[in-house]
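Reading the structure
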Amino acid sequence: SKQSQAQVRELEAQVKELRQTLDHAKHQLGRCQVQLDTTSQIGQLASSVLHPDSLCKRIAKIVKEQYELYHVGLYLLDASGQWLVLNEAAGKFSRKLKKEGYRLPLDGQSVVAWVSQHQQYYLIDKTQANGSTRPEDDQPENGPVDALFWPGSRTELTVPLISTDRVIGALDVQCLRENAFDQDTISSLLTVANQIAAAVEKARQYADTVAQRDRTS
């Protein structure tokens, strides 16, 4: 009967909605687990690895593996405060640039510079706007001009590294998948970025203390 058919369609719609809710919950749970694993590993490194360069190298590798990324770049402000230096990278092309001493001006128009200046994350999906790079709809219109996509990369997310209300650099990650960074993933990486900043600052302070002690001894 028509009533029975209507009831079946209603039940099917309810089942579909429940499945979508369950899938979303599973995704959130999985992302929470990745964040917990990542922050736990970074926390352990912060306590055991006190050399800044070694720490950054380990961190870049962990983030790349945990979030299944194509590229991870850790940019840190140099002593002059004018340049964002690619301090560490995980990924074939980014490692090559690191060896070449790649850096970006803080007052430039790159995504990394914009994020560092504004202390906000920036997301670009290469597949949107007929294949061109475009900020998300909720991003400012007067955003950065230059996006640095590695060959094959589809999505780029850049988040600031902030320690005690001061920007010390930026974390730039890219993925081969389209729409790779949903809001849950972005929130997770923002949390991870804060922990990275704290760990790097701790290592830098230790290195400065050791250097000062060596000069006075």
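See the structure printed just above.
Residues numbered from 1 in each chain as written. Predicted model: local features only at pLDDT ≥ 70, side-chain atom pairs only at ≥ 80, totals over all residues. Heavy atoms only, no water.

1. What about the sheet that holds strand β5 (residues 155-163)?
Our working rule: For two strands to count as paired, DSSP must find a minimum of two bridges between them. Where helices and strands are cited, they refer to DSSP runs of H or I of at least four residues and of E of at least two residues respectively, numbered from the N terminus. Only the contacting stretch of a helix is used when fitting its axis, a line to C-alpha atoms as for every element, and angles between N-to-C directions run 0 to 180 degrees. Note on contacts: a residue pair qualifies if any of its non-hydrogen atoms lie within 4.5 Å across the two residues.
The sheet built from 6 strands is open, its strands ordered β3-β2-β1-β6-β5-β4 with antiparallel pairing. Strands at the two margins of the open sheet, each flanked by one partner only, are β3 (103-105) and β4 (122-125). The sheet shows a mean angle of 20° between the axes of neighbouring strands, taken without regard to direction. Pairing between β5 and strand β6 (residues 166-175): 9 bridges, direction antiparallel. Within β6, the position partnered with I162 by the bridge is V167. On top of the sheet, helix α2 (residues 52-66) reaches β1 (71-77), β2 (83-90) and β6; it is set at about 60° to β2, its chief contact. Contacts from helix α6 (residues 183-216) reach β1, β4, β5 and β6 within the one sheet, and its direction differs from that of β5 by about 45°.

2. Some words on the pattern of salt bridges
Between side chains of opposite charge, a pair can form as their charged atoms come close. In plain terms, the rule: Salt bridge criterion: a side-chain nitrogen from Lys or Arg within 4 Å of a carboxyl oxygen from Asp or Glu. Classification of residues uses two cut-offs on accessible area relative to the type maximum, computed with a 1.4 Å probe and protein chains only: under 20% is buried, over 50% is exposed, and between them is partly exposed.
In total, this model carries 3 salt bridges according to the counting rule given. For E201, the salt bridge goes to R166, with nearest N and O atoms at 2.6 Å. Here E201 is found in helix α6, whereas its partner R166 is found in strand β6, with 35 residues between them in sequence. Between E201 and R204 there is a salt bridge whose closest N-O contact spans 3.7 Å. Separated by 3 residues within a single helix, E201 and R204 lie in helix α6, roughly one turn from each other. Judged by its relative accessible area of 11%, E201 falls in the buried class. Shared partners join several salt bridges into a network, and the residues in it are R166, E201 and R204.

3. Observations concerning unusual backbone geometry
A positive phi angle, near 55°, is found at E68, a position not held by glycine. Residue placement: E68 occurs in the loop between α2 and β1. A residue is classified by how much of its surface remains accessible, and E68, at 59% relative accessible area, is exposed. Phi angles above zero are rare outside glycine, and T164 is one such case at about 50°. For T164, the location among the structural elements is in the loop between β5 and β6.

4. Observations regarding the pairing of β1
Taken across its 7 residues, β1 has 7 buried, putting it largely inside the fold. By the alternation rule, side chains of β1 split into H71, G73, Y75 and L77 and V72, L74 and L76, which are all buried. By the bridge criterion, 6 bridges tie β1 to β6 in an arrangement that is antiparallel. Looking at β6, one finds that L76 is bridged to G169.

5. Here's the deal with the packing of aromatic side chains
Test applied: Planes of paired rings set the category: under 30 degrees apart is stacked, over 60 is edge-to-face and the rest tilted, where pairs are Phe, Tyr or Trp rings (Trp by its six-membered ring) whose centres lie within 6.5 Å. The rule for a charge over a ring is simple: NZ of Lys or CZ of Arg within 6 Å of the ring centre, and within 35 degrees of the ring normal.
Per the counting criterion, the structure on display carries 2 aromatic pairs. Ring centres of Y75 and Y102 lie 6.5 Å apart, and the angle between their planes is 70°; this geometry places the pair in the edge-to-face category. One end of the pair, Y75, is in strand β1; the other, Y102, is in the loop between α3 (92-99) and β3, with 27 residues separating them in the sequence. With a relative accessible area of 1%, Y75 lands in the buried category. Ring geometry for W114 versus Y122: centroids 5.0 Å apart, planes at 65°, classification edge-to-face. In this structure, W114 and Y122 share a single accessibility class: buried. Lying across the ring of W83, R103 places its NZ or CZ 3.6 Å from the centre.

Function-wise, these values are silent; they only describe arrangement.
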